[in-house]
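# Remarks on the overall topology
Here are the chains, one letter per residue:
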Amino acid sequence: MPFDGRLLSGVTVLSAVIEAGTIARAADALGLTASAVSRAISRLEARVGVRLLERTTRSLSLTDEGRRFYERVGPHLAGIEEAAIEASGSAGIVRGRLRVNVDPFFSRIVLSSHIREFLEKYPEVSLELLMRDAVGDLGAGGFDLALRFGDPPNGSLVARKLVETRVLTVAAPAYVAEHGRPRHPSEVVDHDCIGFYDAANQRPFDWEFRKGKEVLPVKVSARVLVSDVGAMLSACEAGAGIAQILQLGSSHLVESGALINLFPEWSGEMFPLYALFPSRQHQPAKVRSFIDFCLGVIARENA
């Protein structure tokens, strides 16, 4: 298929539609009418010979063929943008929209209170922190990177471990005063527990305790199950039960006495935080700067 400018134009419109989520918002971003955007997509579909978008009056989504197509062309669009920046002599300038698929815990408990600092440091960046249940397809979602706890998914994503944090088992002083303090991790099965819902796997997280090389899984029956880390911490502080939390972003609650670390000698379980990128060789300056910023925030939280 010979290259022509209309093909690149159609791909650019497709990218805008995917990132905006609707044809109307894409039209506003591009300065076109909604009908002009629809026609551009139709011309692109005719050019490549497959249907790329499923369009209804209420929503739109990529077809399987459209997803595969965008996985291939998305990185090239980013490469064109990077090349233009380099050609202008501004390769090191941090600017543009940065779209991050971010873990809800890291965003709410650790990152959110520091965002103003990042924006003040890089005034030419607009930041989108979007919380998703799973990593999904970064390219098709228009994401520059993802920040996720747990082992990285299989596939073509490039993973960089940023930190490992301990898993603490905690309860409020009020809960301990009323129900007593368990002497061994196996005794938590006889206590009220607060479970955390793992949306990616559609079930509560398993509880596990580690001391040196000894690993002790414990099957708890959670009386309270939450999917929001803020709700979990608030419920635990209020004395609703025992919870397992990440030390990163929560250690101040233990240090202040708001929560009691019940089994410090069994806190050997570590949970990693990864930065995940679409497989491309060169990362834009905005991505590199954001990762450096996150590492600085993590270092301060762990200090």
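Everything here concerns the structure above.
Residues numbered from 1 in each chain as written. Predicted model: local features only at pLDDT ≥ 70, side-chain atom pairs only at ≥ 80, totals over all residues. Heavy atoms only, no water.

With that out of the way, let us pick up the overall build of the protein chain. Counting secondary structure elements, the protein chain contains eleven helices and 14 strands. Considering only contacts in the protein chain between residues 6 or more positions apart, those separated by 24 or more positions represent 76%. Accessible area for the protein chain stands at about 16000 Å²; split by element, carbon and sulfur atoms hold 50% of it. (Helix = DSSP H or I, 4+ residues; strand = E, 2+ residues; numbered from the N terminus. Contact = heavy atoms within 4.5 Å. Areas by Shrake-Rupley, 256 points an atom, 1.4 Å probe, with all protein chains shown as cover.)

What follows concerns the environment of E19. Mapped onto the elements of the fold, E19 is located in helix α1 (residues 5-20). Placed 123 residues apart in sequence, E19 and G142 show a C-alpha to C-alpha distance of 5.6 Å. Among all residues touching E19, those that are not within four sequence positions of it are Y70, R97, R99 and G142.

Close contact between helix α5 (residues 104-111) and helix α11 (residues 285-302) brings their axes to 11 Å; oriented N to C, the two are set at 65 degrees. The interaxial crossing formed by α5 with α11 has left-handed handedness. Contacts between α5 and α11 pair F106, V110 and L111 from the former with F290, F293, C294, V297, I298 and E301 from the latter. Among the residues making up the contact of α5 with α11, the classes are represented as eight nonpolar, no polar and one charged. (Axes fitted to C-alpha atoms, helices over the stretch in contact; angles between N-to-C directions. Left-handed = near helix turned anticlockwise from the far one by under 90°. Nonpolar A, V, L, I, M, F, W, Y, C, P; charged D, E, K, R; others polar.)

So, on to helix α9 (residues 229-237). When we look at burial in α9, the residues that qualify are V229, G230, M232, L233, A235 and C236. Looking at the buried positions of α9, the neighbouring elements they touch are α5, β6 (158-171), β7 (193-198), β11 (224-226), β12 (242-246) and α10 (251-255). Where α9 starts, the residue carrying a side-chain oxygen 3.1 Å from the main-chain nitrogen of G230 turns out to be D228. (Buried < 20%, exposed > 50% of the residue type's maximum accessible area, 1.4 Å probe, protein only. Polar contact = N/O pair within 3.5 Å; in protein donor to acceptor, adjacent residues only side chain to side chain.)

Next up on the list: the nonpolar core. Ranked by size, the top nonpolar core spans 46 residues in total, and within it L98, F106, L145, L147, I245 and F290 carry the most contacts. When residues of this core are assigned to their parent elements, the largest contribution, eight residues, is made by α11. Apart from residues no more than four positions distant in its own chain, L98 is found in contact with F118, V125, S126, L127, E128, D144, L145, K286, V287 and F290. I18, V37, L44 and F69 belong to the second largest nonpolar core, which has 21 residues in total. (Core = buried A, V, L, I, M, F, W, Y, C linked by side-chain atoms within 4.5 Å.)

Right, let's talk about helix α3 (residues 34-48) for a bit. Between its terminal C-alpha atoms α3 stretches 21 Å, which fits the 21 Å expected from 15 residues at 1.5 Å a residue. One or two positions beyond α3, positive phi appears at G49, with a value near 85 degrees. (Expected span 1.5 Å × (residues − 1).)

As enumerated under the stated definition, the model contains 13 salt bridges in all. Across the pair E208 and R210 runs a salt bridge, and its minimum N-O distance is 2.8 Å. By relative accessible area, which is 23% here, E208 ends up partly exposed. R210 gets classed as partly exposed once you look at its relative accessible area, which sits at 32%. In this structure, a network of salt bridges that share partners links the residues R97, R99 and E128. (Salt bridge = Lys/Arg side-chain N within 4 Å of Asp/Glu carboxyl O.)

To continue, consider the pairing of strand β5 (residues 145-149). Within β5, five of the five residues are buried, leaving the element largely enclosed by the surrounding structure. Going residue by residue along β5, you find L145, L147 and F149 tucked away on one face and A146 and R148 tucked away on the opposite face as well. The pairing of strand β3 (residues 96-102) with β5 spans three bridges and is parallel. Bridge pairing links V102 to L147 in β5. In this structure, β5 lies alongside strand β14 (residues 270-277), joined through four bridges in antiparallel fashion. Within the sheet, the bridge partner assigned to L147 lies in β14 and is A275. (Pairing = 2+ DSSP bridges.)

This brings us to the packing of aromatic side chains. Here the structure, examined in full by the defined rule, presents ten aromatic pairs. Residues F105 and F149 carry aromatic rings whose centres are separated by 5.7 Å and whose planes lie at 70 degrees to one another, so their mutual orientation is edge-to-face. Of this pair, F105 sits in helix α5 while F149 sits in strand β5, placing them 44 residues apart in sequence. Accessibility assignment for this pair places F105 and F149 in one class, buried. Among the aromatic residues, ring-to-ring pairing joins F105, F106, F149, F196, F205 and F271 into one connected group. Over the aromatic face of F143 sits the side chain of R99, whose NZ or CZ is 4.8 Å from the ring centroid. (Phe/Tyr/Trp six-rings, centres within 6.5 Å; stacked < 30°, edge-to-face > 60°. Lys NZ or Arg CZ within 6 Å of the ring centre and 35° of its normal.)

Glancing now at the side chain of N101. Within the secondary structure layout, N101 lies in strand β3. There is a polar contact of 2.8 Å between the side chain of N101 and the side chain of R148. If we skip the residues at most four places from it in the chain, N101 touches L130, R132, A134, V135, L138, F143, L145, A146, L147 and R148.

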